[in-house]
Each structure stands twice: as C-alpha cells, then as structure tokens.
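# Geometric and topological summary
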Amino acid sequence: MTANEQHTGGCLCGAIRYRVAGPPLRVGLCHCGQCRRQTGSALPSFVTWSRKALEITKGQPAGFRVSDVATRQFCRDCGSPLFWRADKGEDITVLLGGLDDAEAMPKPSYELWTERRMHWVPEFPGIKSYRQEPGRG
Amino acid sequence: MAAMREHTGGCLCGAIRFRARGEPTKTNICYCTQCRRQTGSPMASFVTFAVTGFELLSGSALSYRASDFATRQFCGRCGSALFWRRDGSEELDIFLGSLDRPEEMPMPQKQIWTRHRIAWVPAQPEIPPFKEGS
C-alpha cells in the first residue's frame, strides 16, 4: 500500500470508467433481496471508499431508486451495476465486480442479511455477520 | 402426471417480468470476468431453461453482446441482469437472482471459469469445478 494507491474500474461495455484513490475503507457482502435482484448474483459484494475518493472518468451512470435511502447506479448501455450511493453520509459503495483489480480487494469483513443467504452459498467463517443490518438484527 | 411447475421472475423495478415452465435443465456458477462485470459480483449463478418453456410477461429487455457468440440481457430502467443466451441455442440461461424464489432452485451442478475465482471466495469442492468454460 502506498500513498499513491489508486484503483480503476468500469462497466462491462466500457462506456463508464472510474477511479478511486487510496485503500478501501471496508469490503462486505449483502444477501438482501434487492441486491440479489439487481446483480442477479447470489453473492453481491461491495467495496466502500470515502465519496471524495471517487472520480468518474468516462460516461455517466443511470440511477434507480428502490428505497428511500439510496440510489443504485448502473450503465444504461450494458446494465452493469456500479455504485450504491446513500443519500446521507460521506461514503460511496462500489460493486466489487466493476473493479479492474477485483481479485486484489481484501477479504470481506462483514456480511448483511444472512437470513436471506441462498442455502448453497458458503458461509465466510470469522467475519462479522448480521441477520439483517447493524441495528436491525 | 403432475402439473408442470412454473417459476416467475423479473427485474428489481418490476418493468420486466417472465415465467419459465418445468425444471431447469442445468444450473451453474460462473466466475468469468464478463459475468463479474455484469453482476458486479465475484460469483454469477445461472439456471437454464428450454426457450420453449420461457415466456416474457411484461417489458422488454435491452441487449448487450460482450462476446461474438452470446447476448446478455438486462433491464434498462434498473440495470438488473436477466438473461444470457448463446446464439442459436434452444436454451436460455437465467440469472438466478432474478427469480422470485431462487431458493427453490437446486444447487449448482458445476462451477466454470474457476481460474478467475477470487481467492477469498470459498472453493466449494462438492460442486465440480472447471478451470474454464465447459
């Protein structure tokens, strides 16, 4: 890790590209039904940075609001989900799979909504586990 | 003879809804980098149905071709990943997460492109692995 650490990413078709500066604050998993629907995946995974670390370098993501707390941003040309942007707070949550160096991201430290985990999806021993979200179970 | 089962699904915003009849002919996990980008996730999962048993009930999916042999479809309003179809195939791969009751689907029969699996994703040795596609 260096003072100049940065990570790049984008969607499948390349219409949207971004850069984030510095090491991520945390990596987590979410088993909630909304994340599962949007990603189509049984293992949605997220990397969080400070919002000011993110710069969109190409294109403009579309947004969709499924809850009243956040906007889900994606590429309108290929559908790739890119960011979960909360209305409040200083963070930006980046979908792990959009990062060019996704395999270099640290192991997740927490998982949300484990009560909705698919029966065959493996558990991640040793990480902080919430049946729903912090403060809800 | 028992009535054929029906499985319904759709995107996050509800603009696109579909129904698949019968049981999936195949189920898998895919770790390829294209699926990783489209799902934003380290692991994509599919259930495969015959196109003859598949019906779009509402909406119209957008398409994107990331390779020269298949089309990926998604909802243009909410970005949800929906289908992958090989050109000319009589089958359609449905992204597991788009189903209303994905927990009713059988567990994956195989894992493909394991050479792209991210190191911290558990290997699940009970599901036959293939380093590339199969």
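Residues numbered from 1 in each chain as written. Chains lettered and ligands numbered in written order. Predicted model: local features only at pLDDT ≥ 70, side-chain atom pairs only at ≥ 80, totals over all residues. Heavy atoms only, no water.

## Notes on unusual backbone geometry
Residue and element names in this part refer to chain B. Stated precisely, the cut-off is as follows: Under the scheme used here, helices are H or I runs from DSSP no shorter than 4 residues and strands are E runs no shorter than 2 residues, and both carry numbers assigned from the N terminus. With a 1.4 Å probe rolled over the protein chains alone, any residue whose accessible area is under 20% of its type maximum counts as buried; one over 50% counts as exposed, and the rest are partly exposed.
Not every positive phi belongs to a glycine, and Trp 113 is a case in point at roughly 60°. Considering the arrangement of structural elements, one finds Trp 113 in the segment after β10 (110-112). Taking relative accessible area as the criterion, Trp 113 reaches 24% and is therefore assigned partly exposed. Despite not being glycine, Gln 124 shows a phi value in the positive range, around 45°. Here Gln 124 lies in the segment after β10.

## Quick notes on the interface of chain B and chain A
To be explicit about the condition: Contact definition: two residues touch when any of their heavy atoms are within 4.5 Å. Note: buried area is the sum, over both parts, of the accessible area (probe 1.4 Å) each one loses when the two are combined. Whenever Lys or Arg places a side-chain nitrogen within 4 Å of a carboxyl oxygen from Asp or Glu, that contact is recorded as a salt bridge.
Of the residues lining the interface, 46 residues belong to chain B; the matching set on chain A comes to 49 residues. Both sides together, the interface formed by chain B and chain A hides about 3,500 Å², and carbon and sulfur atoms give 63% of it. Remark: the boundary between chain B and chain A carries three salt bridges. Two residues, Asp 100 of chain A and Arg 37 of chain B, come together in a salt bridge whose shortest N-O distance is 2.7 Å. Going through the elements one at a time, β1 (6-10), α1 (33-39), β6 (62-64) and β7 (70-74) of chain B are the ones with two or more residues in the side of chain B that touches chain A.

## Observations regarding the sheet that holds strand β7 (residues 70-74) of chain A
Definition in use: For two strands to pair, DSSP has to find at least two bridges joining them.
Pairing is mixed in the open sheet, where eight strands are placed in the order β6-β7-β8-β9-β4-β3-β10-β11 (chain A). Of all strands in the sheet, those with a lone pairing partner are β6 (62-64) and β11 (128-129) of chain A, marking the two edges.

## Focus: the pairing of strand β8 (residues 81-86) of chain A
Residue and element names in this part refer to chain A. Where β7 and β8 come together, five bridges link them in antiparallel fashion. Opposite Phe 74, over in β8, you have Pro 81 as the bridge partner. Once β7 ends, the chain turns through six residues before running back antiparallel as β8, passing Gly 79 with a positive phi of about 85°. Bridge count between β8 and strand β9 (residues 91-95): two bridges; the pairing is antiparallel. Counterpart to Trp 84 in the pairing with β9 is Thr 93.

## Regarding the side chain of Ser 80 of chain B
So the rule is basically this: Whenever a nitrogen or oxygen atom comes within 3.5 Å of another N or O atom, the pair is scored as a polar contact, on the condition that within protein one atom can donate a hydrogen and the other can accept it, and that pairs from neighbouring residues in sequence are kept only if both atoms are in side chains.
Assignment of secondary structure puts Ser 80 of chain B in the loop between β7 and β8 (81-86). Judged by relative accessible area, Ser 80 of chain B falls into the buried class, the value being 0%. In terms of polar contacts, Ser 80 of chain B uses its side chain to reach the backbone carbonyl oxygen of Arg 37 of chain A, at 3.5 Å. Not counting the four nearest positions on each side in its chain, Ser 80 of chain B is found in contact with Arg 37 and Gln 38 of chain A together with Cys 11, Leu 12, Gln 73, Phe 74 and Cys 75 of chain B.

These values are about where atoms sit, not about what they do.
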